[in-house]
Structure formats: C-alpha cells, structure tokens
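Next come the chains, spelled out residue by residue.
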Amino acid sequence: MDKYSTLLVHYDKGTPAVAKEIKEALEGNDVEAKVDAMKKAVMLVLNGETIPQLFITIIRFVLPSEDHTIQKLLLLYLELIEKTDSRGKVLPEMILICQNLRNNLMHPNEYIRGVTLRFLCRLKETEIVEPLTPSVLQNLEHRHPFVRRNAILAIMSIYKLPNGDQLFVDAPEMIEKVLSTEQDPSAKRNAFLMLFTCAEERAVIYLLTNVDKVTDWNESLQMVVLELIRSVCKTKPSQKGKYIKIIISLLSATSSAVIYECAGTLVSLSSAPTAIRAAANTYCQLLLSQSDNNVKLILLDRLSELKSLHRDVMVELIIDVLRALSSPNLDIRRKTLDIALDLITHHNINEVVQMLKKEVVKTQSGELEKNGEYRQMLIQAIHACAVKFLEVASTVVHLLMDFLGDSNVASALDVISFVREIIETNPKLRVSIITRLLDTFYQIRAGKVCPCALWIIGEYCLSLSEVESGISTITQCLGELPFYSVSEESEPTETSKKIQPTSSAMVSSRKPVILADGTYATQSAASETTFSSPTVVQGSVASGNLRALLLTGDFFLGAVVACTLTKLVLRLEEVQSSKTEVNKKVAQALLIMVSMLQLGQSPASPHPIDNDSYERIVLCIKLLCQKNDEMKKIWLEFCRQSFVKMISEKQLREMAELKAMAKTTNAQPDDLIDFFHLKSRKGMSQLELEDQVQDDLKRATGEFTKEENDANKLNRILQLTGFSDPVYAEAYVTVHHYDIALEVTVINRTKETLQNLCLELATMGDLKLVERPQNYSLAPGTSMQIKANIKVSSTETGVIFGNIVYETSNVMERNVVVLNDIHIDIMDYISPAVCTEVAFRTMWAEFEWENKVAVNTTIQNEREFLDHIIKSTNMKCLTPPSAIEGECGFLSANLYAKSVFGEDALVNVSIEKQTDGALSGYIRIRSKTQGIALSLGDKITLKQKGSS
C-alpha cells in the first residue's frame, strides 16, 4: 500500500542492490562506499522495500559519521522509513535516533543544524519531536540565517501537528518578536508565513503596522503578504478597501512575479473600474517586458478573462494589447488578434486598422518564416473589422488586393472572400474594386482564387466599359485559341515537339492518393503540382494565368470561365446598342467554350474533363445560342440574390450568437435592497467607493448568487455498491478539464466498526490516479467522504474501477466490496466550436484517423436526426440552416467541436431517405488522434437509435 512521502528520486531500473552488499559497505570505513550504499538504501525504500535488517547497521556505523553527505543521506533514509507500527504507535527503536537528532541540533556546523531542522519539518510523530523542542528554540538565536530560517519552519510544522500548540504554547509570540528583529529576508519571510498560517490576526496586525514599508520588503515576503490579503478578504470582505490600497502600492514593485500576483489579486477582490484598469495596465506592461513566450500566453489568457468580464475597461487598452504583435510567435499573435477583435468600437476602429495595415506591409519583407500565415491572420482580422464597420473598408480593400497573387494560397483566398463580401455590402466601392480587380487579375496564380475572382467580375461588371474590360481581361488571360489542334497532333512539328516550360499550378485530383505518412486520402482535393506542358498544346503557357491552369486539367475553372463569359455577354446585350458588337462577343465566348471542351476530350489533357464541368459548359453554349428572358433573369439576378441571402443569414447568425453569449442574471424579489447613497462615506477613498458601487450592482443583478442547479448535481451522482452490501458507496463526479474529482460517500451499514477501510481505485485509458486514499476507521451506521483526484491526458473515453477493502474486529481477514465501473464521458471534454469552411476542408484532408459509422436509426426525418446527433455529440453545425432546409430526400452537414486539449473533431453527416421512409447513410468522423475518433464513433453508435 502507498505511504505518505515528501521525496522523489529518479530510480533507474537496473539490477537491484542486494541488502547484504549494502550492509557490508556500510560496515566498512570507505566514505565513498558508504555514500553509495546509503543512496542504494534510500532508493530501495522509496520503491517499497522495507529492509528492516539495515536499521541497526545504520544506527551503529552511519550515525556517528561526521561526513556531511552521509548525514544528509541518513536524514533522507530516516524520513522515508516506517516509524510506527500497525496500531499507529511509534516503534521503540526510534528512540535511538532522538539523541542523534538532539546532538545534530547543537552541532557546531550550521549546515548540519539546518538540514536537521529541515528534517524535523517533515516528521509527523509527536513522540519523536517532543524531546527536541528546547533545542529547536535555541536555534532561533543562532548567528547564521540558514539555521534561523529552518528553525522557524520547524516550529511552524511542529505547531501544526495534533497537540502541537501544547509543545510550543507561546510560539506565535516568539515568532512575532523574531519578525521584528530579524534582518535576513528569507528568515523574515518564513516568520511572517508562520504567523499567517498559525496566528492570522498577529500577521494582519504586523502588516497594518508596517504598511508604509511593504514596498521595500523582499520579493518572497511580498508574495506571502498577497496570500494573506487574499485569505483575509475572503473571510472578511467588508475590510478589503484598506488591503486594496496595499495591493495598488505593490504594483510599483521591481519583481515581475509580485506585480503579476498583485494584478491577479486585484481582479479577484474588486470590480471597481480603477482596480481593473490598474490590473489590465500591469498585464499589458508585463506583456511587452517579458521575453518568455509561455509567460506572454499566460498574460494574454488573463487579458482575455478581463475582456469577457470588464469589456468597457479593456476597450481603452486595445492599442497596448496590439503591441504584443511584435512577438514573432504565431500563437501569441493569433491570441492577441482574437482579443483585439472583440474590443473594437467606433472610437478605436481607425487606429486598429491603421496598425493592422502596417503589420501587413511588414510581412512583405520576407525576413521571417511563416510570414504567409501571419499575413493570412491579419487579412482575416481586417476582414472582420471591415464587415463590422463598413466605413473602414475603403481604406484597406485596395491594399489587400495587392495580395491576390500571394504565393500563400490561403492568404489570397481570404483576400478574395473579403473583396466579394465588401463589394456587396459597400456599393460605393463597387466601381473602384472592379477596376482594381481587372487590373490585377493576371497576377492571380492559384486555382482556388480564380473562380471567386471570375464570379465577382461576372456579377459586378455593370457598365459598358466594365463589361468589355471584363471580357477582354479573360480573353487575354486565356491566350491564343484553340488550346488544342488536331492537325498538329497528326503532323507534329519542331515547335510542338519542343518541351514547353514547366508550370506550377493547381491540379484537380480525383483518385486515391497516398499521403506522406502512408495513409490514403480518398476525397477529391486540389493540390499544387508542377507539370510539363503537353507537346501538342498550341501557344505558350506563360501567355495567361487562366491558360496555365486549364492546361494542367483544372476544368472546374473552365466551367467558371464559361459561366462568367455567359453573364458578361448577357449583360452586354442590355448595355450595348450595337448588335454587331454583341454578336462578335457571343462568337468569341462560344469559341472559347468549344476550345475548352475540345481540350478536355483530347489525349493531350492530363485527365479527361469531368461530367459536371462538361455539362455546365454545354449549358452555357446552349444559352448563348438560344436566349430567353426567363433564363436571362435567373443568370443575371437570382445568382446575386442567393449571395445576398447568404450574407444576411451569416449576419443574423452572428447576431444570434452574440445574444446567446450575453449573460442574463437576475436578483430574487425578496433580496435585500442596499441604498448606496444613504451610506456613510467618511474616510473612504475613491477606489473604496467604486468598489462598493460595483458590489451593490452585482447584488442587484444577482451575480453573487450563481449556484449550481441541484438537478444537474444529482445527475452526476453514481451508485457504486448495492443497498444490501455491508458498505454502501456513491460517488459525485466533477470534471475540471484536465482532472476529475471524485467525492465518494461511504456508509457503514453493519453493527461493527470497520477498520483499515480503504478505497482502492484503478483506471483504464489515458487516466492517472494522482494519490491513493488512505486507511480509515468507520463506526457502525456512520458515513464519511473520501476524495480522489484523477488526471486526464487526452480526449478519450476512460473507465475508473476498483473496490472497498476493510477489516472487522472479529475477523482479521480483509473483506472486499467490488464497485461499479465509472465511465468518463468524452462529452465532458469537447465543446462546440466554429471554424471557416476552408479550415474545415483543410483539416479534413490532413487528418489521418477516420471512423465511419453506418446510420441505423428509428428517426425518419432527416433534420430531426441531424439535430439529435448535434445534441448527442455536443458539436456545432457549420452548414448554414438555409443549406439544409426543404424536403429533398437527402442531407449533408458538417459538424465541428474542439476538446479542452486543443484537439479538433470533424464530423460529416450524409443521409438519404429510402422509399420505405427509413434513413440510410454514413457519419464520418475525422481527427488527428485515434482516441477522439473512436470515442465519438462509440458515442454516436450508442445514441443514434433515437431520443433515449
């Protein structure tokens, strides 16, 4: 069984030392051999070996040694060995060490005295400590501070023992005298800690007496002062006004640790704007002064908490927060931008955008790696600013359009998405955006960006000059026609045989590919690949970006080109009076479309044109050949209306989320009303007045009465044994992110006293028991609570199992009651989260672990089944409601969640209604780790049947 231990030493599992060898080495005269033998003995005891035969040898041959290393190892050995018998009484042989300890406490060497006093701090046996108390007291007046500081700690630990206050009756008075005369900072800190722990009132009196000197005290003593203030204010909240003044004064301390603790203490004690502002300023100063990235991340977490509770105060400091962008670490930059975006108002938006623009320009230098990722984050931040505050869009949109040809495809994609949204929501910028887009279109090299840019050109080129420029730009980027010549195929010339320059472009792959780690990627995906141009393709690849992409087999882009040209030609009919010019453009568009179909069906293409793209291009050809008003209206009006509807739905969703996040707390009708203006204000500082106002407001809004729902608490109680068992046990399980707290209530249902009752637990999965509960005695009919902590290291379903072992006075055999298993639900670790569609697709392609669950349910409505899965898995549906409305017989939706460990969980639900009304299909789960994919799959399999 595990024992209480204060020591941890690395133990290399090699050949274990034999007790006989250790004994021989200890009996010899070689000091080095003795040191080595003592180390082996300590390690064996640490690993559960008792070796009782060594004790007398150590008393005889090691105790008299004057070597400091041997004496230190001796104290470690004495600290570890069992000093009591099974009944809890001190073993008689322990008396042998008392005289040695007394001698050590009076030793002329201060090191021996100090380590012996430190050893006494860890002794829990009063019978051993009692004879040594006079010697401990004498060490309080020793000349060396090392001895004095350990003597104070020894007195504190002895005073805290059961009946320890009788061993040192006047210990607090003595330590108070020492505190007033002591000059050593560490000894002074230990003395103040002793008063704080054992006589809090005396510590408070000392603090208030020396309140003017607190700023000059040592860092370690200031930390204890802050701990004392937190403790006192928790028990006596009415007195916190005078302590807040001390904290404010400590904010000017030289130690970063003290300043950080001061800010945290201020936030926990007061909601006054002055106090919160001081704390936030402190965090911002530390954010700039500290070089450690982990410290910066912790400070950003604190600022994020302040933002959620005191947004009005934090808004004033948004520029100070943004200065953290100077750090090259991407995580710090991401966190900084997240905080800043929630603090934007009409008053600071221009400053913020100006700062973000400067950062975007800096990323063009290319000095730092990951500049592309940082630029993408900045573009997304500017996008969010411009959507919230349309007036800033005009100042940033043209700067960002310079990055449409960015080598970082994700960054360019964010820019074009931003442009698409701004051109719709800000009509005044339409003309300038279209002009700039047509000028920079040739720079776009990414196959994912071109379709979006072409859609904007097709929808928002309205005037005659814009439409003609649009058609001209697309034609130039496509190069000479046709793309493929049959005559050149049959009679290859030197030019056609000549190897064309290689081109890096987007290739649409629709075959299973093997990823770098050996797994298969089965979905269609676009990848950046370098191809040599076909020998039979006419014209140079360098003649245009659209041509280069088409020649590498991106026929989806070809379909988008066809649709864009169709829209432009249809709009040209409305704005161009000359029928001849219109017919020229129609013929030109038809030639381009036919050339793309010819290229798609030629053997020179990397792969044949897909059916969807083929049908879309053929539809465009038919429309241009046989125009009618109904089709014209669909192409020129309905497409834009769909986009407008999508934007408005997105805005409504965001507003609904903001409303859901708003906290609603209410006071009870019979709560006490506190009239602030009738209170006495004598002797109160401005900070104390503010603090009282904030407390009154909290009481009025019910923020002080946030209690857990009793019904929810009852749901977490699990019965571990049966009602007929001699010992009844039930557990209340609380999950706190990285650990699980078990509160097990044990009831003795017998008429006998249960001795050595022990709750033995074991775990399965990524769970680890922190400490095993100790033995207890339980009287007949009584109950007790046993607490156990379990650490969690990953998002995975775990199991806790075990039993209760006890003895009775009549029968000395151990009785065992087996407990029910406790299953830890994965739902406690994942929470709904939001990510962009692009990010979802990227993660879906990257994650190697997939769990495919077949749909097997009694629910017959597609939407009802989806809602049931969302509720069962605690995930967020990323697919907009408009996309899954209506009755079409099938449904596909993407769900997303994030675990407390930062793991992403992706789910795709694809279901179809059969002719008999039943639902069929698959739920696919993808994640980076195996545990989350398997656990979520098991959960869905269990819950998908119905609402049970």
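### Regarding the overall build of the protein
- What the protein contains, in helices and strands, is 40 helices and 20 strands.
- A burial count over the protein gives 46% of its 948 residues as buried.
- For the protein, long-range pairs separated by at least 24 residues make up 67% of all intrachain contacts whose partners lie at least 6 apart in sequence.
- Approximately 48600 Å² of the protein is accessible, and the part contributed by carbon and sulfur atoms is 52%.

### Brief notes about the side chain of Ser-65
- With respect to the secondary-structure elements, Ser-65 resides in the loop between helix H3 (54-61) and helix H4 (68-80).
- Since its relative accessible area comes to 16%, Ser-65 is described here as buried.
- Setting aside chain neighbours within four positions, we find Ser-65 in contact with Ile-70 and Gln-71.

### Remarks on the packing of H4 against helix H6 (residues 110-120)
- For the pair H4 and H6, interaxial distance at closest approach is 10 Å and the crossing angle is 10°. Considered as vectors, H4 and H6 are oriented roughly parallel to each other. Of H6, the residues touching H4 (which contributes His-68, Gln-71, Lys-72, Leu-75, Leu-78 and Glu-79) are Tyr-111, Ile-112, Val-115, Thr-116 and Phe-119.
- Considering only residue class, the contact of H4 with H6 consists of six nonpolar, three polar and two charged.

### Section: the packing of aromatic side chains
- Inspection of the entire model under this criterion finds nine aromatic pairs.
- For the pair Tyr-260 and Tyr-283, a centre-to-centre distance of 5.9 Å together with 55° between the ring planes defines the contact as tilted. With Tyr-260 in helix H16 (residues 256-269) and Tyr-283 in helix H17 (residues 273-289), this pair connects stretches of sequence that are 23 residues apart.
- For Tyr-260, a relative accessible area of 24% puts it in the partly exposed group.
- What makes Tyr-283 buried here is its relative accessible area of 2%.

### Here's the deal with empty space enclosed by the protein
- For the coordinates displayed, the defined rule picks out one cavity of 30 Å³ or more.
- If you add up the space inside the largest cavity, you get close to 40 Å³.
- Surrounding the largest cavity, Leu-720, Leu-742, Val-744, Leu-761, Ile-800, Phe-801, Gly-802, Leu-819, Asn-820 and Ile-822 form its lining.
- Every element with two or more residues in the lining of the largest cavity is listed here: strand S7 (739-748) and strand S12 (798-808).

### Here we look at helix H40 (residues 930-943)
- Spanning 14 residues, H40 covers 20 Å between terminal C-alpha atoms, matching the ideal 20 Å at 1.5 Å per step.
- Considered for burial, the residues of H40 that qualify are Gly-931, Ile-932, Ala-933, Ser-935, Leu-936, Gly-937, Lys-939 and Ile-940.
- If you follow the buried residues of H40, they end up packed against strand S15 (830-832), strand S16 (849-854), helix H39 (862-873), strand S18 (890-899), strand S19 (904-913) and strand S20 (919-927).

### Looking at the pairing of S19
- Burial analysis of S19 places seven of its ten residues in the buried class, the great majority of the element.
- In the sheet, S18 pairs with S19 via nine bridges, with the strands oriented antiparallel. Note that in S19 the partner of Phe-890 across the bridge is Glu-912.
- Hairpin connection of S18 to S19: four residues between the antiparallel strands, including Gly-902 at a positive phi of 85°.
- Note: S19 against S20, nine bridges, orientation antiparallel. Considered in S20, the bridge of Asn-908 is made with Arg-924.

### Observations concerning the side chain of Glu-903
- Residue position: Glu-903 is located in the loop between S18 and S19.
- One buried charge, Glu-903, has no salt-bridge partner; the nearest side chain with opposite charge is Lys-898, at 9.8 Å.
- There is a polar contact of 3.5 Å between the side chain of Glu-903 and the side chain of Thr-929.

### As for H3
- If you check which residues of H3 are buried, you get Leu-54, Phe-55, Thr-57, Ile-58 and Ile-59.
- Check the buried side of H3 and you find it contacts helix H1 (19-27), helix H2 (31-46), H4 and helix H5 (95-105).

### Considering the pairing of S12
- Where burial is concerned, most of S12 is hidden: ten out of the eleven residues are buried.
- When strand S8 (residues 754-764) meets S12, the two strands line up antiparallel, connected through nine bridges. Bridging from a neighbouring strand, Glu-760 pairs with Asn-803 of S12.
- Pairing analysis gives four bridges linking S12 to strand S13 (residues 815-818), with the strands arranged antiparallel. Bridging across to S13, Ile-804 finds its partner in Val-817.

### A look at the nonpolar core
- If you look at the biggest cluster of nonpolar residues, it comprises 211 residues, and the most contacted ones within it are Tyr-77, Phe-192, Leu-207, Leu-546 and Met-593.
- Here this core takes twelve residues from helix H32 (residues 555-575), the largest share from any one element.
- If we skip the residues at most four places from it in the chain, Met-593 touches Ala-562, Leu-565, Thr-566, Ile-617, Cys-620, Ile-621 and Leu-624.
- Counting 30 residues, the second largest nonpolar core, distinct from the first, contains Leu-759, Met-784, Ile-786 and Ile-800.

### Re the environment of Gly-802
- Among the structural elements, Gly-802 can be located in strand S12.
- Taking the C-alpha atoms as reference, Gly-802 lies 9.4 Å from Ile-822; in sequence the two are 20 residues apart.
- Ignoring any residue separated from it by four or fewer positions in sequence, one finds Gly-802 in contact with Glu-760, Leu-761, Val-818 and Leu-819.

### Remarks on the confidence of the model for the protein
- With 84% of its residues at a pLDDT of 70 or more, the protein shows a mean pLDDT of 80.
- Every residue in residues 704-709 is under pLDDT 50, and counting partners more than four places away or in other chains gives six contacts.

### What to know about the sheet that holds S7
- In space, the five strands of this open sheet follow the order S5-S6-S7-S11-S9, with antiparallel pairing throughout. One side of each edge strand has no neighbouring strand; the edge strands of this open sheet are strand S5 (717-719) and strand S9 (767-769). Here the strands of the sheet are splayed against their neighbours by 30° on average, with no regard to which way each runs.
- Pairing of S7 with strand S11 (residues 783-792), which is carried by nine bridges, proceeds in the antiparallel orientation. Each bridged residue has a counterpart across the sheet, and for Val-744 the counterpart in S11 is Ile-786.

### Quick word on unusual backbone geometry
- Although it is not a glycine, Asn-756 sits at a positive phi angle of roughly 50°.
- Asn-756 gets classed as partly exposed once you look at its relative accessible area, which sits at 30%.

### A few points about the packing of helix H11 (residues 171-181) against helix H12 (residues 185-198)
- The geometry of H11 relative to H12 is characterised by a closest axis approach of 9 Å and an angle of 150° between their N-to-C directions. Classified by the angle between their axes, H11 and H12 sit roughly antiparallel to one another. Crossing geometry of H11 relative to H12 is assigned as left-handed. Residues Ala-171, Pro-172, Ile-175, Glu-176 and Leu-179 of H11 lie in contact with H12, whose contacting residues are Lys-188, Ala-191, Phe-192, Met-194 and Leu-195.
- Per-class residue counts for the contact of H11 with H12 are eight nonpolar, no polar and two charged.

### Focus on the pattern of salt bridges
- Applying the stated criterion across every chain yields a total of 29 salt bridges.
- For the salt bridge of Lys-627 with Glu-573, the shortest nitrogen-to-oxygen distance reads 3.1 Å. In this pair, Lys-627 is assigned in the loop between helix H34 (611-625) and helix H35 (629-661) and Glu-573 in helix H32, connecting sequence segments 54 residues apart.
- Residue classification places Lys-627 among the partly exposed positions, given a relative accessible area of 38%.
- Residue classification places Glu-573 among the partly exposed positions, given a relative accessible area of 22%.

What counts as what
Residues numbered from 1 in each chain as written. Predicted model: local features only at pLDDT ≥ 70, side-chain atom pairs only at ≥ 80, totals over all residues. Heavy atoms only, no water. Helix = DSSP H or I, 4+ residues; strand = E, 2+ residues; numbered from the N terminus. Buried < 20%, exposed > 50% of the residue type's maximum accessible area, 1.4 Å probe, protein only. Contact = heavy atoms within 4.5 Å. Areas by Shrake-Rupley, 256 points an atom, 1.4 Å probe, with all protein chains shown as cover. Axes fitted to C-alpha atoms, helices over the stretch in contact; angles between N-to-C directions. Parallel < 35°, antiparallel > 145°, perpendicular 65-115°, else oblique. Nonpolar A, V, L, I, M, F, W, Y, C, P; charged D, E, K, R; others polar. Phe/Tyr/Trp six-rings, centres within 6.5 Å; stacked < 30°, edge-to-face > 60°. 1 Å grid on protein atoms, 1.4 Å probe; cavity = no way out; pocket = protein on both sides within 12 Å on 5 of 7 lines; lining within 4 Å. Points joined across faces, edges and corners; volume = space filled by probe spheres on them. Expected span 1.5 Å × (residues − 1). Pairing = 2+ DSSP bridges. Lys, Arg positive; Asp, Glu negative; His and termini not counted. Salt bridge = Lys/Arg side-chain N within 4 Å of Asp/Glu carboxyl O. Polar contact = N/O pair within 3.5 Å; in protein donor to acceptor, adjacent residues only side chain to side chain. Core = buried A, V, L, I, M, F, W, Y, C linked by side-chain atoms within 4.5 Å. pLDDT = per-residue confidence, 0-100. Left-handed = near helix turned anticlockwise from the far one by under 90°.

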